[in-house]
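Analysis of the macromolecular model
For reference, the chains in residue letters:
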Amino acid sequence: MKHCLSLIFASISVNAVKSGIYDANIVKAEPNETDILGDANDDKSVNVNDIATIATFILNGTADSWNQKNADVNCDGIINVNDITGVATIILGGGDEPIEDNTVKVSYDGTSAKVLVADNIKQYITVESNTSDVNITASADLKDKVTYILSGTTSEGSFTLTGSTKLALELNGVSITNSDGAAIDIECGKTIDVNLVKENYLTDGPGSQKACFYVKGHAEFSGDGVLNISGNSKHGFSSNEYTQLKSKFTGLIMVRAVGDGVHAGEYFKQNSGNLMITEVGGDAVQVELDDESEDADNGNIIIKGGSIIATTTKEDTDVLKADEKVSIQGGSLTLASYGGAIWDEEKLKVSGCACISCNTFEMTDGLVFLTATGNGGKGISADSIVTINNGNLTITTFGEVHTDAEHDDDTKPQCIKADQSIYINGGNIQAFSMYGKGFSYDDETPKEFLINGGTVVAVGEKKSEASGGTQPAYTYTKQKIVAGETYTFNNVTFTAPQGFNLDNGKVLVSAAE
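All of these numbers come straight from a predicted model, not from anything done at the bench. (Residues numbered from 1 in each chain as written. Predicted model: local features only at pLDDT ≥ 70, side-chain atom pairs only at ≥ 80, totals over all residues. Heavy atoms only, no water.)

To continue, consider the overall build of the chain. Of the regular secondary structure elements, the chain holds four helices and 41 strands. Compactness check: the chain gives a C-alpha radius of gyration of 30 Å against a globular reference of 24 Å for 513 residues, more than 25% above the reference. Each principal axis of the C-alpha atoms in the chain carries an extent, and together these give about 95 × 45 × 40 Å. For the chain, buried positions account for 52% of its 513 residues. Put simply, 66% of the contacts in the chain that link residues at least 6 apart link residues at least 24 apart. When the accessible surface of the chain is split by element, carbon and sulfur atoms take 45% of a total near 21,700 Å². (Helix = DSSP H or I, 4+ residues; strand = E, 2+ residues; numbered from the N terminus. Rg over C-alpha atoms; globule rule 2.2 N^0.38 Å. Buried < 20%, exposed > 50% of the residue type's maximum accessible area, 1.4 Å probe, protein only. Contact = heavy atoms within 4.5 Å. Areas by Shrake-Rupley, 256 points an atom, 1.4 Å probe, with all protein chains shown as cover.)

In structure tokens, the structure reads:
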């Protein structure tokens, strides 16, 4: 058998080159329930006669008893010697594992990729594969949700999918590096369920792509795997609509990028799982308001569970940045901003960095640690109102005032800055600002800083003063504060953070009496 196959291969290789016919485009046949992959002559079995039939088709453009669908063994839409190899593999007992309905499998291997398409959707799926760059188009006639499973490793490849229906994308131990474009580009406009299995790596290179991993549509992550993203052109991950880490997501996403780590339209919501963002040139997570969306969460960042560890280092960047609200309803956040302030030519003012930047901020639960070290840096910067109802929040700023003498403007370091009002109704809040205030708000009527509950500590070079509320607040001046030491004022106890020292500190405390 092997000798026979060798002779056929030798014949087809020589004659194909001589005749100039090597690849033959085919018109896809209508599906048939009795189709058998590899059965090119449609005799209901796969044997050496099918290899001869495919060879005849390649050389002559036609063959007797021809089943085009069965002959396209590697499902790439082209009949060539690769399909002969596929039939030979099936004959010798090394055929592909069965593939479930509504499934497409892409297996990368160095500079090549193998694509398998389930028989029931083959007529709707067009595959274009140039070495390990896989481009799939799903027909508008496809109504079922299809699962695309990516595995294997390529040092020079990509995955691009264009369609108009919902789909699932399973990253099953895949590693994709693309030196001149996105590693994964999903052009769909619908819900994309991203399931992480095993450990996965995505890396892009210089190009016009919006992100290393881009989704046109809304992405929902689940699974218990790990995803490492390296965005070397712009963002790490980006979606033009919302992105959500679902409650059944228990894995880890790690991102580094020259732009934003995660850039989402509409909203970003984390219900569970773990997100780590470092070494970014932009914001760690940025959400832009979608002018066409009517969703109540449009423009928001919502954290309900899981953990986020994220840092930024560049000037005028934020760790979490939302056009509208940042809502912390649970989970654990450790955010650090190391960038400084600059003059913003567009806004015509000095613009600094913040761990959280938004229009409104609300916290109802969770454990949050914010650190800002740059001059003019802030923990929370809100264009309007800050409301804290519960949870544990600790903020430390180490930077000094940033002054721009040329433009006669400055920006001050503050733990919580609200351009309008601050309301504290519960929780445990500790704010330490070495060169600024714990709480800063616009004290022009009717704007206010009210403490109605919770345990509140503010320690800074500048004094924080509540304008009212149902819970009394007490202020102490000329206090020497030493890093690591524990202090008690009016039955409220706190420990100064490491590296935090004041010779003439001002302390505000408030707690239920």
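Moving on, there is more to tell.
A word on the environment of Ala511. Among the secondary structure elements, Ala511 is positioned in the segment after strand S41 (502–510). Along the chain, Ala511 and Ile84 lie 427 residues apart, while their C-alpha atoms are 79 Å from each other.

The next point concerns helix H4 (residues 81–91). Within H4, the full set of buried residues consists of Val81, Asp83, Ile84, Gly86, Val87 and Ala88. Sitting at the amino-terminal end of H4 is Asn80, which places a side-chain oxygen 3.0 Å from the backbone nitrogen of Asn82. (Polar contact = N/O pair within 3.5 Å; in protein donor to acceptor, adjacent residues only side chain to side chain.)

The next subject is helix H2 (residues 48–60). Its 13 residues give H2 an end-to-end C-alpha distance of 18 Å, which sits within 8% of 18 Å, the value for a rise of 1.5 Å per residue. Among the residues of H2, those classed as buried are Val48, Asp50, Ile51, Thr53, Ile54, Ala55, Phe57 and Ile58. The N-cap residue of H2 is Asn47: its side-chain oxygen and the backbone nitrogen of Asn49 are 3.0 Å apart. Of the residues flanking the end of H2, it is Gly61, one or two places downstream, whose phi is positive at about 80°. (Expected span 1.5 Å × (residues − 1).)

Turning our eyes to something else, we now look at the pairing of strand S31 (residues 392–397). Along any regular strand the residues' side chains alternate between the sheet's two faces. Two strands pair when backbone bridges link them, and strand S28 (residues 360–372) and S31 are joined in this way by six bridges, in the parallel orientation. Paired with Phe369 across the two strands is Thr394, which belongs to S31. Relative to strand S35 (residues 422–433), S31 is paired through six bridges, and the arrangement is parallel. Among the inter-strand pairings, Ile395 is bridged to a residue of S35, identified as Ala431. (Pairing = 2+ DSSP bridges.)

Next up on the list: unusual backbone geometry. Even without a glycine there, the phi angle at Glu266 is positive, about 75°. What makes Glu266 buried here is its relative accessible area of 10%. Residues other than glycine seldom take positive phi values, yet Asp408 does so here, at roughly 50°. With respect to the helices and strands, Asp408 occurs in the loop between strand S32 (402–404) and strand S33 (409–411).

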